[in-house]
Amino acid sequence: AVAAASLRLAVAAASLRITVAATSFHLALSATSLAFALAAASLGLAVAATSFRLALTAAFLRLAVAAASLRITVAATSFHLALSATSLAFALAAASLGLAVAATSFRLALTAAFLRLAVAA
């Protein structure tokens, strides 16, 4: 009877040791799974932050390109306006010269007419 009780105690102790070992293994596995999950979450956050930084950089780059395009458009418009003003100034100068030539021709014609009249008289 003592041997049977001793055997039962030995079996119970072995069963308890197996249960403790299994529980320890399960806890270690859970801790490892948790560590992997945390690492994955951290990696996900790092990827998200990088994606956000890249999106921000792309947005700023688009804004810089748009600003440069606007500056080029403004410069081209200013150049076009300056060219138009120069063309207008040349046209006005040519018109003024044409009027001066016409007036001079008219005066010369008048002078010639008066000379003819004077010679005829």
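Residues numbered from 1 in each chain as written. Predicted model: local features only at pLDDT ≥ 70, side-chain atom pairs only at ≥ 80, totals over all residues. Heavy atoms only, no water.

**Student:** Account for the overall build of the protein, naming residues and giving values.
**Tutor:** From N to C terminus, the protein includes 1 helix and 0 strands. For 121 residues, the compact-globule estimate of 2.2 N^0.38 gives 14 Å, and the protein exceeds it by more than 25% at 52 Å. Each of the three principal axes of the protein carries a C-alpha extent, and together these read 175 × 10 × 5 Å. Within the protein, the fraction of its 121 residues that count as buried is 0%. Of the accessible surface of the protein, which amounts to about 10100 Å², a share of 80% is contributed by carbon and sulfur atoms. (Helix = DSSP H or I, 4+ residues; strand = E, 2+ residues; numbered from the N terminus. Rg over C-alpha atoms; globule rule 2.2 N^0.38 Å. Buried < 20%, exposed > 50% of the residue type's maximum accessible area, 1.4 Å probe, protein only. Areas by Shrake-Rupley, 256 points an atom, 1.4 Å probe, with all protein chains shown as cover.)

**Student:** Before we move on, can you summarise the environment of Ser-78 with the specific residues and values?
**Tutor:** Mapped onto the elements, Ser-78 comes out in helix α1 (residues 2-120). Taking the C-alpha atoms as reference points, Ser-78 and Leu-99, 21 residues apart in sequence, are found 31 Å from one another.

**Student:** Any details on a nonpolar patch on the surface? Residues and values, ideally.
**Tutor:** Residues Phe-52, Leu-56, Phe-60 and Leu-63 make up a contiguous nonpolar surface patch of about 450 Å² in total accessible area. Relative to the helices and strands, Leu-56 resides in helix α1. Given the relative accessible area of 34%, Leu-56 is considered partly exposed. (Patch = residues over 30% accessible without salt bridge, like charges linked within 9 Å, V, L, I, M, F, W, Y side chains within 5 Å. Salt bridge = Lys/Arg side-chain N within 4 Å of Asp/Glu carboxyl O.)

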